[in-house]
Amino acid sequence: YYGHQGNNIMIFQGGESIELIFRVPATTNVLHRLGFHDRQDIAAVPVDGVWIEIAGTTLSGKTSNNSTASTTANTYAITANTWYKLKISINQIKTIATFELYASPSTTPLWSDTLTTNIPTTAGRAFGLLLVVGKTTAGTANIFDFDWVRYIGSQTLNR
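Residues numbered from 1 in each chain as written. Predicted model: local features only at pLDDT ≥ 70, side-chain atom pairs only at ≥ 80, totals over all residues. Heavy atoms only, no water.

Colleague: Explain the sheet that holds strand 12 (residues 145–152) here, please?
Modeller: Hydrogen bonding along the main chain pairs the strands of a sheet, whether they run parallel or antiparallel. Strands sit in the order 10-9-8-2-12 across an open sheet of five strands; the sheet is antiparallel. What marks the edges here is a single partner per strand, and that holds for strand 10 (109–115) and strand 12. Ignoring strand direction, the axes of neighbouring strands in this sheet form an average angle of 10°. Across six bridges, strand 9 (residues 97–103) lies against strand 10 in antiparallel orientation. (Pairing = 2+ DSSP bridges. Helix = DSSP H or I, 4+ residues; strand = E, 2+ residues; numbered from the N terminus. Axes fitted to C-alpha atoms, helices over the stretch in contact; angles between N-to-C directions.)

Colleague: Is there a simple way to explain unusual backbone geometry in this structure?
Modeller: Residues Ser 104 and Pro 105 are joined by a peptide bond in cis, for which omega reads 10°. Looking at where Pro 105 falls in the secondary structure, it is placed in the loop between strand 9 and strand 10. Although it is not a glycine, Asn 81 adopts a positive phi angle of roughly 60°. Following the sequence through the fold, Asn 81 ends up in the loop between strand 7 (76–77) and strand 8 (84–90). For Asn 81, a relative accessible area of 46% corresponds to the partly exposed category. (Buried < 20%, exposed > 50% of the residue type's maximum accessible area, 1.4 Å probe, protein only.)

Colleague: Where do I start with the environment of Lys 85 in this structure?
Modeller: Assignment of secondary structure puts Lys 85 in strand 8. The class of Lys 85 is partly exposed, set by a relative accessible area of 25%. Sequence separation of Lys 85 and Val 149 is 64 residues, and the distance between their C-alpha atoms is 9.5 Å. Within polar-contact distance, the side chain of Lys 85 engages the side chain of Glu 19 at 3.3 Å. (Polar contact = N/O pair within 3.5 Å; in protein donor to acceptor, adjacent residues only side chain to side chain.)

Colleague: Honestly, the packing of aromatic side chains in this entry has me stumped. Any pointers?
Modeller: We describe a pair of aromatic rings using the distance from one ring centre to the other and the angle between the two ring planes. For the coordinates displayed, the defined rule picks out eight aromatic pairs. With 6.0 Å between their ring centres and 25° between their planes, Phe 22 and Phe 144 make a pair best called stacked. Highlighted residues: Phe 22 in strand 2 (residues 17–23) and Phe 144 in the loop between strand 11 (128–135) and strand 12, separated in sequence by 122 residues. Look at Phe 144 and you get buried, because its relative accessible area is 16%. On the basis of an interplanar angle of 80° and a centroid distance of 6.5 Å, the ring pair of Tyr 76 and Tyr 84 is categorised as edge-to-face. Tyr 84 gets classed as buried once you look at its relative accessible area, which sits at 3%. Put simply, the rings of Phe 22, Tyr 76, Tyr 84, Phe 144 and Phe 146 touch in pairs and so form one group of aromatic residues. (Phe/Tyr/Trp six-rings, centres within 6.5 Å; stacked < 30°, edge-to-face > 60°.)

Colleague: Sorry, what's going on with the pairing of strand 3 (residues 30–37) here?
Modeller: Two faces make up the sheet, and in a regular strand the side chains alternate between them. Within strand 3, eight of the eight residues are buried, which leaves the element mostly enclosed by the surrounding structure. Across seven bridges, the pairing between strand 3 and strand 4 (residues 49–55) is antiparallel. What sits directly across from His 32, in strand 4, is Ile 54.

Colleague: For this particular structure, what's the right way to read the confidence of the model for the chain?
Modeller: Note that predicted coordinates carrying low pLDDT should not be read in detail. Across the chain, the average pLDDT comes to 89, with 92% of residues at or above 70. Note that residues 1–5 has pLDDT below 50 and, in this model, 14 contacts with residues that lie over four places away or in other chains. (pLDDT = per-residue confidence, 0-100. Contact = heavy atoms within 4.5 Å.)

Rendered as structure tokens:
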């Protein structure tokens, strides 16, 4: 896995987003969780977070607040070895999680959806910025490539 910030150091303040350019070389027996969540493995669903999940070729948006999860109504079938740009954003008042997928470098979405339920927003519901990828069966394969990642926080920091 790639854990950019650890798995329980952030709480949404409103206005956060992550963008990621990636491709999935192998789509058989693999699971990807990309975004804000608190699991550093694929063994169980995150307790808290907002992320994109790719199971095989099926991409969906997910939220979870204290182990109560929601999934976007619509999914998208990704194609192996195709570069995509993913964006996940939280609105300023922490009530809408927006998920968008683009064919990189296009600016027209291939897929988008939102969730308004089970967005973790209270103290004790911490998570991190994590890219977790794993095989669901034994064996080895190149299962994830990423080219670029950007996190935009909501706080103005004095530097």
